[in-house]
Amino acid sequence: MTTSEPLTGLTVTKLCCVRGERQVFRDLSFHVAPGDMLSLVGPNGSGKSSLLRQLAGLLEVTDGEINLDGAGEDQTVADVVLYAGHLDAVKAPLRVSENLSFWAAFYGVSATQVEPALEAFSLGHLGHLPAGVLSAGQKRRLGLSRLALIDRPLWLLDEPTVSLDTASIAALGDLMRSHLKTGGSIIAATHVDLGLEGTRVLDLSSNGGASL
Amino acid sequence: MNAFFALVQREVRLATRVGGGGGMAVFFFLIVLSIVPFGIGPDLNLLTRIAPGMLWVALLLSALLTLDRLFQADQEDGTLDLLVLAPQPLELTVLAKAVSHWLTTGLPLVIAAPILGLMLNLPLDGMLPLMGAMLIGSPALSLLGAVGAALSVGVRRGGLLISLLVLPFYVPVLIFGVSASRAALVAVPGDLGGQSLALLGAVSLASLVVGPVGGAAALRVAVK
């Protein structure tokens, strides 16, 4: 149910984004193949988050197309993405493990996967605590542990390293590396070098007709 | 269906934990109804006459009180994005939200209603019809309210907006609910109570369709 078919590729053609009557970017074209890591860079307001939300189907596409290669009529990008925005989607009154157990059940993942997912970001010993007492970095780790929990081919990460310590950034790098190795793809807005080989960079600062 | 029950379970947990606001509606219900006798005065006959109407108006207002946080809390912490992207149809997600709202607001109010009815001199043989009507009518309040909550999810302090949007649609529930509850107290020609109860059920069933479909459509617009 959650293990969607492997991603054959994502093609973006002449994508435009308009927010509040301001053109954020236009004529953006790129292709992401399985095993690709695409890093979005650019100054604040250049549209990194907007692009990620457009790809996830959480923001209107003003013009242009986003296509899954070889996808059927009924398959949309939203079916294959795992989106981790700048908010962690963590509920403070719930325990750390309850937070993740909910997402497991909601995305149809077996409850036995929760423990290993917590361990991916060394949160296992905090499982019984209410999430409200966690620090900003720990909350972020709890949010990111969904990446280890839910199996979807295309990760969209919006500044995933914010408030993480060096050990956690390394853990995130490892997780991303193994995802790419198994044929997954990642599009991430980040300015931190995660040490991933073969990272391509998409610079949105050229704004007008950025392309690869 | 696992996703559906997981969401209901999480919502009920959140409402019952500290700071979840689960008891808020019940206490508001209690406060409104306990000041009515002070305002009206100790006229027992008058209180009996207005008891069903007062109980229903208070039920409507209490249900509205917790509606504004139904989707807004999820939108503020990013949960809403992930709910929208999940494999479960958004309609079922909205239905789960409405069901949890009813479990944490509607159901406790229905259970508290007869106790507060005593304060309004509601006769004992009027309790059961009142509870029955509330049990049938209150799901409509959560289901219709979910549409209003979804429409105003992006609006800061959207509580008042929800009231304006939703209250007109609560009017049929109020009319048929009061009429069904009153039938046991006042002699009415024909079987007006039964008819009202049937119509109240019809309103709830229609809301069962309108609520999830309308709420999901509104949410899809809201996240974009």
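Just so it is clear, the structure is predicted and the values come from calculations on it, not from any experiment.

Conventions used here
- Residues numbered from 1 in each chain as written.
- Chains lettered and ligands numbered in written order.
- Predicted model: local features only at pLDDT ≥ 70, side-chain atom pairs only at ≥ 80, totals over all residues.
- Heavy atoms only, no water.
- Helix = DSSP H or I, 4+ residues; strand = E, 2+ residues; numbered from the N terminus.
- Buried < 20%, exposed > 50% of the residue type's maximum accessible area, 1.4 Å probe, protein only.
- Contact = heavy atoms within 4.5 Å.
- Areas by Shrake-Rupley, 256 points an atom, 1.4 Å probe, with all protein chains shown as cover.
- Lys, Arg positive; Asp, Glu negative; His and termini not counted.
- Charge placed at Lys NZ, Arg CZ, Asp CG, Glu CD.
- Salt bridge = Lys/Arg side-chain N within 4 Å of Asp/Glu carboxyl O.
- Pairing = 2+ DSSP bridges.
- Axes fitted to C-alpha atoms, helices over the stretch in contact; angles between N-to-C directions.
- Parallel < 35°, antiparallel > 145°, perpendicular 65-115°, else oblique.
- Left-handed = near helix turned anticlockwise from the far one by under 90°.
- Nonpolar A, V, L, I, M, F, W, Y, C, P; charged D, E, K, R; others polar.
- Phe/Tyr/Trp six-rings, centres within 6.5 Å; stacked < 30°, edge-to-face > 60°.
- Lys NZ or Arg CZ within 6 Å of the ring centre and 35° of its normal.
- pLDDT = per-residue confidence, 0-100.
- Polar contact = N/O pair within 3.5 Å; in protein donor to acceptor, adjacent residues only side chain to side chain.
- Buried area = accessible area lost by both parts, 1.4 Å probe.

**Here we look at the overall build of chain A**
Consideration 1: Looking only at helices and strands, chain A features 5 helices and 8 strands.
Consideration 2: Mapped in sequence order, the helices and strands of chain A form the string β-β-β-α-β-β-α-α-α-β-α-β-β.
Consideration 3: Burial status across chain A gives 50% buried among its 212 residues.
Consideration 4: Taking as baseline every contact in chain A between residues at least 6 positions apart, the subset at least 24 positions apart corresponds to 70%.
Consideration 5: Split by element, the accessible area of chain A, about 9000 Å² in all, is 51% carbon and sulfur.
Consideration 6: Computed over 16 positive and 23 negative side-chain charges, the separation of the two mean positions in chain A equals 7 Å.

**Some words on the pattern of salt bridges**
Consideration 1: For the structure shown, the criterion picks out 17 salt bridges over all chains.
Consideration 2: Residue Asp36(A) pairs with Arg200(A) through a salt bridge whose shortest N-O separation is 3.1 Å. Here Arg200(A) lies in strand β8 (residues 199-203) and Asp36(A) lies in the loop between β2 (22-32) and β3 (37-41), a separation of 164 residues in the sequence.
Consideration 3: Close ionic contact of Arg220(B) with Glu91(B) constitutes a salt bridge, the shortest N to O distance being 3.6 Å. Of the two residues, Arg220(B) sits in helix α9 (residues 192-223) while Glu91(B) sits in helix α6 (residues 90-119), which places them 129 residues apart along the sequence.
Consideration 4: Each of Lys91(A), Arg10(B), Glu11(B), Asp74(B), Asp77(B) and Lys97(B) takes part in one network of salt bridges that share partners.

**Quick notes on unusual backbone geometry**
Residue and element names in this part refer to chain A.
Consideration 1: One non-glycine residue with positive phi stands out, namely Asp27, at about 50°.
Consideration 2: On the basis of relative accessible area, Asp27 is assigned to the partly exposed category, the value being 30%.
Consideration 3: Although it is not a glycine, Ala89 adopts a positive phi angle of roughly 55°.
Consideration 4: As for its placement among the helices and strands, Ala89 is situated in the loop between β5 (81-84) and α2 (96-106).

**Quick look at the sheet that holds β3(A)**
All names here are of chain A.
Consideration 1: Across the sheet, which stays open at both edges, the 5 strands sit in the order β5-β6-β7-β3-β8 with parallel pairing between neighbours. Each of the sheet's edge strands pairs with one partner strand only, and the pair in question is β5 and β8. On average, each strand axis in the sheet is tilted by 15° relative to the strand beside it, whichever way the strands run.
Consideration 2: Pairing of β3 with strand β7 (residues 185-189) involves 4 bridges; the strand directions are parallel. The residue of β7 that forms the bridge with Leu38 is Ile187.
Consideration 3: Along the sheet, helix α1 (residues 48-56) makes contact with β3, β5, β6 (154-158), β7 and β8, crossing β6 at roughly 150°.
Consideration 4: Helix-sheet contacts for helix α5 (residues 166-181) involve β3, β6 and β7, and the interaxial angle to β7 is about 145°.

**So, the packing of helix α2 (residues 24-40) of chain B against helix α3 (residues 44-65) of chain B**
Residues and elements named next belong to chain B.
Consideration 1: Orientation of α2 relative to α3, taken along the N-to-C sense of each, is 150°, at an axis distance of 9 Å. Considering their axes alone, α2 and α3 lie roughly antiparallel with respect to each other. Classified by chirality, the crossing of α3 by α2 is right-handed. For the pair α2 and α3, contact is made by Met24, Ala25, Phe28, Phe29, Val32, Leu33, Val36, Pro37 and Ile40 and by Leu46, Leu47, Ile50, Met54, Leu55, Ala58, Leu59, Leu61, Ser62 and Leu65, respectively.
Consideration 2: For the contact of α2 with α3, the residue count by class is 18 nonpolar, 1 polar and no charged.

**Notes on the packing of aromatic side chains**
Consideration 1: Under the criterion given, the structure shown has 6 aromatic pairs over all chains.
Consideration 2: When the ring centre of Phe102(A) is taken as origin, the NZ or CZ atom of Arg10(B), which lies over that ring, is 4.5 Å away.

**Some words on the pairing of β6(A)**
Residue and element names in this part refer to chain A.
Consideration 1: In terms of residue burial, β6 counts as a mostly covered element, since 5 of its 5 residues are buried.
Consideration 2: What you see with β6 is no split at all: Leu154, Leu156 and Asp158 on one side and Trp155 and Leu157 on the other are buried throughout.
Consideration 3: Where β6 meets β7, 5 bridges bridge the pair, whose relative direction is parallel. Counterpart to Leu157 in the pairing with β7 is Ala188.

**As for the confidence of the model for chain B**
Any segment with low pLDDT has predicted coordinates that should not be analysed in fine detail.
Consideration 1: Residues of chain B with pLDDT of at least 70 account for 96%, and the chain-wide mean is 90.
Consideration 2: Across the interfaces of the predicted complex, the ipTM metric reaches 0.88, alongside a pTM of 0.90.

**Some points on the side chain of Glu98(A)**
Consideration 1: With respect to the helices and strands, the residue Glu98(A) is situated in helix α2.
Consideration 2: The class for Glu98(A) is buried, based on a relative accessible area of 13%.
Consideration 3: Polar side-chain contacts of Glu98(A) include one of 2.9 Å to the backbone nitrogen of Arg95(A).
Consideration 4: For Glu98(A), the side chain forms a polar contact with the side chain of Arg17(B), separated by 2.9 Å.

**Topic: the interface of chain A and chain B**
Consideration 1: Facing the 26 residues of chain A at the interface are 26 residues of chain B.
Consideration 2: Summing the contributions of chain A and of chain B, the shared interface buries around 2300 Å²; its carbon and sulfur component is 67%.
Consideration 3: When the buried area of chain A at its contact with chain B is split by residue, Leu58(A), Lys91(A) and Phe106(A) rank highest and sum to 28% of it.
Consideration 4: Inspection of the chain A/chain B interface yields 5 salt bridges.
Consideration 5: Among the ionic pairs, Glu98(A) bridges to Arg13(B), the shortest N-O distance being 3.7 Å.
Consideration 6: Along the contact surface separating chain A from chain B lie 9 residue pairs in polar contact (both at pLDDT 80 or more).
Consideration 7: Residue assignment for the side of chain A that touches chain B shows that the elements contributing at least two residues are α1, β5 and α2 of chain A.
Consideration 8: Of all the elements, α2(A) adds the most residues to the side of chain A that touches chain B, at 5 residues.
Consideration 9: Here the side of chain A that touches chain B is built from residues that sort into 17 nonpolar, 1 polar and 8 charged.

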